[in-house]
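Summary of structural features
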Amino acid sequence: MRYVESRKNLLGSAGGIVGLGLTFTGVAGPYWPVVVAGLYAAGALIAPPERPAPPDFPDPSAQLDELRADFEKLRVYLADVELPPAASGRLTELTELVAALLDPGWVAEVLAQDPEGVHMLSRVVRQDVPEAVDTFVRTRWWNRLAPGQEPPERHLDRQLGLLQDEAGRLATALRETEARRQEIHTRYLEDRSK
């Protein structure tokens, strides 16, 4: 069915119809089958090649839906992990900030228009937080066997602090984007009323 609708077949068929026209006018003579087939082949050969269809990437709202599902998986994982109080508090603040950014509503709509922000949030949810917590859990076990080294709690606290700062910068950027958008709309309305 793809070939029937292809450019090669359509242009070849047009050539074949021209050949039939030549046959009915008497120009092709007794060689009409060769003329029709030749014009069909010529049309099929000169037709431009088919363009591949562009990839069908999910729209940003679908990416955010997947990210929300992954964030829920991360929350389940984090609920089972035992962390020190300082890191636990910082992790709670970070997850609340990420939850607010992923919450359906105007923030998610603004975030969906920012591919870098979606990528950053995706990296935090899918890679950075799970890796930081998992590394802490494994390092804490090894630290019990070799005491006297820098405590893994300190590294975890610093990592979570950096991730919280990064998510905070994203929230600030989204807030500034909305503020600029509101200012632009105000200017537009003022210019229109003049």
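Below is a short write-up of the structure. What you see is a predicted model; the values in this text were computed from it and never measured.

**Quick notes on a nonpolar patch on the surface**
Together, Leu11, Leu45 and Ile46 give the surface a local cluster of nonpolar side chains, amounting to about 340 Å² of exposed area. On the secondary structure map, Leu11 appears in helix α1 (residues 7–25). You can call Leu11 partly exposed: its relative accessible area is 34%.

**A word on the pattern of salt bridges**
Here the structure, examined in full by the defined rule, presents 10 salt bridges. Linking Lys73 and Asp70 is a salt bridge whose minimum nitrogen-to-oxygen distance equals 3.8 Å. Of this pair, Lys73 and Asp70 both sit in helix α3 (residues 60–79), 3 residues apart, which is roughly one turn of the helix. In this structure Asp70 comes out as partly exposed when scored by relative accessible area, which is 22%. Arg90 is the salt-bridge partner of Asp157, the closest N and O atoms lying 3.0 Å from each other. Taken together, the residues span a long stretch of sequence, with Asp157 in helix α7 (residues 152–193) and Arg90 in helix α4 (residues 85–102) at a distance of 67 residues. Overall, the relative accessible area of 25% leaves Asp157 in the partly exposed class. Sharing partners across several salt bridges, the network here consists of Asp70, Lys73 and Arg126.

**Topic: the packing of α3 against α4**
Running from N to C, α3 and α4 point in directions that differ by 160°, and their axes come no closer than 11 Å. One way to sum up the angle between α3 and α4 is to call them roughly antiparallel. At the point where α3 passes α4, the crossing takes the left-handed sense. Between α3 and α4, the residues in contact are Leu64, Leu67, Arg68, Phe71, Arg75 and Leu78 and Leu91, Thr95, Val98, Ala99 and Leu102, respectively. Of the residues that constitute the contact of α3 with α4, the class distribution is 8 nonpolar, 1 polar and 2 charged.

**Observations concerning the packing of α1 against helix α2 (residues 32–46)**
With their axes 7 Å apart at the nearest point, α1 and α2 run at an angle of 150° to one another. Taken together, α1 and α2 sit at an angle that is classed as roughly antiparallel. Relative to α2, the crossing made by α1 is right-handed. Counting all contacts with α1, which are made through Lys8, Asn9, Leu11, Gly12, Ser13, Gly15, Gly16, Val18, Gly19, Leu20, Leu22 and Thr23, the residues of α2 involved are Trp32, Val35, Val36, Leu39, Tyr40, Gly43, Ala44 and Ile46. The class makeup of the residues in the contact of α1 with α2 is 11 nonpolar, 8 polar and 1 charged.

**Remarks on α1**
For α1, spanning 19 residues, the distance from its first C-alpha to its last is 27 Å, which sits close to the expected 27 Å at 1.5 Å a residue. Every buried residue of α1 is listed here: Asn9, Gly12, Gly15, Gly16, Gly19 and Thr23. Angularly, the buried residues of α1 cover 125° about the axis, an arc narrow enough to put them on a single face. In this structure, α1 carries Leu10, Ile17, Phe24 and Thr25 as exposed residues pointing more than 90 degrees from its buried face.

**What about the environment of Arg123?**
Inspection of the secondary structure puts Arg123 in helix α6 (residues 115–145). Taking C-alpha positions, Arg123 is 9.8 Å from Leu67, a pair spaced 56 residues apart along the chain. Apart from residues lying up to four places away in sequence, Arg123 is in contact with Asp128 and Glu166.

Definitions and cut-offs
Numbers given for residues are sequential positions, taken from 1 along each chain in its written order. Totals for whole chains, interfaces and linings use every residue, but because this is a predicted model, local features are given only for residues with pLDDT of at least 70 and side-chain atom pairs only at 80 or more, for both listing and counting. Values reported for side chains reflect all heavy atoms of the structure, with hydrogen atoms and water molecules removed beforehand. Exposure above 30% relative accessible area and the lack of any salt bridge qualify a residue for a patch; like charges then connect within 9 Å, and the nonpolar side chains Val, Leu, Ile, Met, Phe, Trp and Tyr within 5 Å. The protein chains shown are the only cover counted for residues, whose accessible areas, like all others here, come from Shrake-Rupley with a 1.4 Å probe. We define a salt bridge as a side-chain nitrogen of Lys or Arg found within 4 Å of a carboxyl oxygen belonging to Asp or Glu. In DSSP terms, a helix is any run of H or I states spanning at least four residues, a strand is any run of E spanning at least two, and both are numbered starting from the N terminus. Under the scheme applied here, a residue whose accessible area is under 20% of the maximum for its type counts as buried, over 50% as exposed, and between as partly exposed, the area being computed with a 1.4 Å probe on protein chains only. Orientation is described by lines fitted to C-alpha atoms, with helices fitted over the stretch in contact, and by angles between N-to-C directions that extend from 0 to 180 degrees. Note that the term roughly parallel is reserved for angles under 35 degrees, roughly antiparallel for angles over 145, roughly perpendicular for angles of 65 to 115, and oblique for everything else. In this scheme, a crossing is called left-handed if the near helix is turned counterclockwise away from the far one by less than a right angle; it is called right-handed if the turn is clockwise. Here, residues are in contact when the closest pair of their heavy atoms is within 4.5 Å. Amino acids are sorted into nonpolar (Ala, Val, Leu, Ile, Met, Phe, Trp, Tyr, Cys and Pro), charged (Asp, Glu, Lys and Arg) and polar (every other residue, Gly among them). What a helix is expected to span follows from its residue count: subtract one and scale by 1.5 Å. Within this analysis, the arc is defined by the directions that extend from the helix axis to the C-beta atoms.

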